[in-house]
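What the coordinates show
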Amino acid sequence: MKLFIIASILITLSLIPPLTQDLARVANLQSKYARISFKKTTKEPDHHILLLGKTHIEGFRTFLTEFYHADHGDTDTQTVIMQQEAPHEEMLGLLKDKRFGGKVIFLEGNVLFSKDLARASAETAKCIIILADKHSQNSNSEDYRNILHASSVKQYVRSVANREIRVCLQILRPENKDLFSSSLNYGPHDQLICVDELKLYLLGKTCICPGINTIVSTLITSSKPSSTGSTSAWINDYLSGLQNEIYRVPLEAEIFAGLPFSVIAQHIYKEFEFILFALEVNVNGTVRVFLNPSDYIFQDVKHYGYVFADSLPDVDKLSSFKISDQIQRSTFGIFTPKLDYHYGYNKGYDGTDEKNKKKYFENIQEDANVGDLEYKMKNFYYGKINSLESATITGNEEVKFENHIIICGIIPGMRHLLLPLRARSLKNIHPIIILYNDPMPTHIWKQINRFPKIYFMQGSPQKLIDLDKACIQKALAVVILSKHTDQDSTSTTSMADADTIFIYKTIKSVNPNVRIITELSKYCFCLFYPF
């Protein structure tokens, strides 16, 4: 009997090491980031955000640097990053960045699984941020996945917490905006940002307003150089202006009710030296932002204004600000002049006639439902359909252009590049020549064939003979578009930037004075441009 017990013990001891090794191996198959859960450091609800998306590490770093900048006032909010893979070395370095004060937590999990959303405490999150991969080889698939993830989180929060969570979603293709709106219960505070739409609009606007892209980028960026030690006055002036940024500030009803926007903007500038340029207004239950509604009369409710300032405005001082009683205030109650959804600010209804109350709100609703074609006709030079044959420059005929714009390349969403160049606010519109190696795609031409003075020429911007046919010597500006990843899946971002640089050099060798607007995927390639 004793021998049997001793033998059993020896056999058991011989089996324990391999079993222990197997258990350790199985445990190691799942990283600690797939096992841990987010634990709030404060008892306050809605004190963390959920950050999703398959963007590159630079995208996460840029977002977190801006989000935790001292200028934004709120640096206590925690960030939970969730991805399906364990964090790589660059991500681990980002999590340890001292600028974020240990407020960034990484979880390995799948947004489509409720158990992983529970680990991230998604039901108590302040909002969900989804960043898109701008270098994705298939932008449609990228958008579809991100919209699906947004839908998953929204449904989970509805089922668990019976509330709507705010979604801030970044998509790549403008045409997928409607997909987001139709597939989700689009909330009043949800935000949808289209990368290509913003990029193309700024590229087009820069053709007629040089420097607008620089102004916009500096106004929405917090981390900027404040001093270089230079003795040049213009550099110091430039850096001083560079500190200005856009801030959202509350405007209390007891201080500003009954006063027009223009009067309030004047007094705020005199007192605080920051510029009030836009107003957030609740129109018939929908929140809208209007630029410089000069005659708008403040209602007896709290408003939010948007200001240019060189530092975070002191909200307490603004809340205790007094405006002279000698300034006459309107007393017509809650009604205001008409704020039009599409066409900016319209005068006409001053709210004094009660009989026009119903008509006032009906007009606003009509403006909200205005058709896309009608909107284009009223805001842009948008006419009859032009055939591609009549708009094509073959090179056989002698066509002379002057003060025109040359666009090198074609990408999806070309319409958004041309919209600012065909706005009715422009007194004169410049002819546009699209120079492209391949034939014009039919689906692209359908986007732009109603715009006047649009021409197409098949050729290469790296060939001097084709540039000469496009009258490069007389051109006002040239836009160089990088190849879209959907168009060439074998091309890397570095090679796309190389093509852009070669085109830039070729054009400058022919016409050194022409204005060239380019897009680059990587900042390091700016070294190839003489500034």
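As a reminder, the structure under discussion sits directly above these lines.
For the structure given in this document, a descriptive report is provided here. (Residues numbered from 1 in each chain as written. Predicted model: local features only at pLDDT ≥ 70, side-chain atom pairs only at ≥ 80, totals over all residues. Heavy atoms only, no water.)

1. Regarding the sheet that holds strand E8 (residues 275-283)
Pairing in this open sheet of four strands is antiparallel, and the strands run E7-E10-E8-E9 from one edge to the other. With one partner strand each, in any of the chains shown, strand E7 (245-251) and strand E9 (286-291) form the two edges of the open sheet. Averaged over all pairs of adjacent strands, the angle between their axes in this sheet comes to 25 degrees, without regard to strand direction. Pairing analysis gives five bridges linking E8 to strand E10 (residues 303-309), with the strands arranged antiparallel. Of the residues in E10, the one forming a bridge with alanine 278 is tyrosine 306. (Pairing = 2+ DSSP bridges. Helix = DSSP H or I, 4+ residues; strand = E, 2+ residues; numbered from the N terminus. Axes fitted to C-alpha atoms, helices over the stretch in contact; angles between N-to-C directions.)

2. Description of the nonpolar core
Core analysis: the largest hydrophobic core is formed by 30 residues, its most contacted members being Ile407, Met414, Ile434, Ile448 and Leu481. Put simply, the parts of the chain that give this core at least two residues each are helix H7 (195-208), strand E13 (405-408), helix H16 (414-418), strand E14 (432-436), helix H17 (442-448), strand E15 (454-458) and strand E16 (477-480). Apart from the residues lying within four places of it in its own chain, the contact partners of isoleucine 434 are Ile407, Gly409, Ile410, Met414, Met440, Ile448, Ile454, Tyr455, Phe456 and Met457. (Core = buried A, V, L, I, M, F, W, Y, C linked by side-chain atoms within 4.5 Å. Buried < 20%, exposed > 50% of the residue type's maximum accessible area, 1.4 Å probe, protein only. Contact = heavy atoms within 4.5 Å.)

3. Digging into the pattern of salt bridges
Under the counting rule described, the total for this entry stands at 14 salt bridges. Its salt-bridge partner being arginine 145, residue glutamate 142 comes within 2.3 Å of it at the nearest N-O pair. Residue glutamate 142 and its partner arginine 145 are both found in helix H5 (residues 139-161); the two are separated by three residues, about one turn of the helix. Across the pair lysine 302 and glutamate 252 runs a salt bridge, and its minimum N-O distance is 3.7 Å. Here lysine 302, found in the loop between E9 and E10, pairs with glutamate 252, found in the loop between E7 and helix H10 (253-256); they are 50 residues apart in sequence, far enough to count as distant. The partly exposed category is assigned to lysine 302, whose relative accessible area is 45%. (Salt bridge = Lys/Arg side-chain N within 4 Å of Asp/Glu carboxyl O.)

4. Some thoughts on H7
Among the residues of H7, those classed as buried are Val195, Asp196, Leu200, Leu203, Gly204, Thr206 and Cys207. All buried residues of H7 fall inside an arc of 155 degrees around its axis, so they share one side. (Arc of directions from axis to C-beta.)

5. Re the environment of serine 324
Along the chain, serine 324 falls in the loop between helix H12 (315-319) and strand E11 (339-340). Considered as a pair, serine 324 and histidine 267 are 57 residues apart in the sequence and their alpha carbons are 9.7 Å apart.

6. Digging into helix H11 (residues 261-272)
Between its terminal C-alpha atoms H11 stretches 16 Å, which fits the 16 Å expected from 12 residues at 1.5 Å a residue. In this structure, the buried residues of H11 make contact with E7, H10, E8 and H12. (Expected span 1.5 Å × (residues − 1).)

7. Observations concerning the sheet that holds E15
Taken together, the five strands give an open sheet; going across it, the order is E15-E14-E13-E16-E17, and neighbouring strands pair in parallel fashion. Lying at the two open borders of the sheet, with one neighbouring strand each, are E15 and strand E17 (515-518). Adjacent strand axes in the sheet meet at a mean angle of 20 degrees when their direction is disregarded. Both E16 and E17 contribute to a ladder of four bridges, which runs parallel. From the neighbouring strand, alanine 477 faces E17, where its bridge partner is arginine 515.

8. Focus: the packing of H7 against helix H8 (residues 212-219)
Look at H7 against H8: their axes get within 8 Å of each other, and the N-to-C directions meet at 130 degrees. Relative to H8, the element H7 is oriented oblique. Of the residues in H8, those in contact with Leu202, Lys205 and Thr206 of H7 are Ile212, Asn213 and Val216. (Parallel < 35°, antiparallel > 145°, perpendicular 65-115°, else oblique.)

9. Examining the packing of aromatic side chains
Applying the stated criterion to the full structure yields 12 aromatic pairs. Ring centres of phenylalanine 63 and phenylalanine 67 lie 5.6 Å apart, and the angle between their planes is 10 degrees; this geometry places the pair in the stacked category. Placement of both phenylalanine 63 and phenylalanine 67 in helix H2 (residues 57-67) is noted, with a separation of four residues, approximately one turn of the helix. A centroid spacing of 5.9 Å and a plane angle of 40 degrees characterise the contact between tyrosine 68 and phenylalanine 100, whose relative ring orientation is tilted. Taken together, the residues span a long stretch of sequence, with tyrosine 68 in the loop between H2 and strand E2 (78-83) and phenylalanine 100 in the loop between helix H3 (89-95) and strand E3 (104-108) at a distance of 32 residues. Classification of tyrosine 68 as buried rests on a relative accessible area of 8%. According to the relative accessible area criterion, phenylalanine 100 is buried, its value standing at 2%. An aromatic cluster is defined as three or more aromatic residues linked by ring pairs; in this entry it consists of Phe256, Phe272, Phe274, Tyr296, Phe298 and Phe321. Stacked on the ring of tyrosine 304, the Lys or Arg arginine 248 has its end atom at 3.8 Å from the ring centre. (Phe/Tyr/Trp six-rings, centres within 6.5 Å; stacked < 30°, edge-to-face > 60°. Lys NZ or Arg CZ within 6 Å of the ring centre and 35° of its normal.)

Read these as geometric descriptors, not functional statements.
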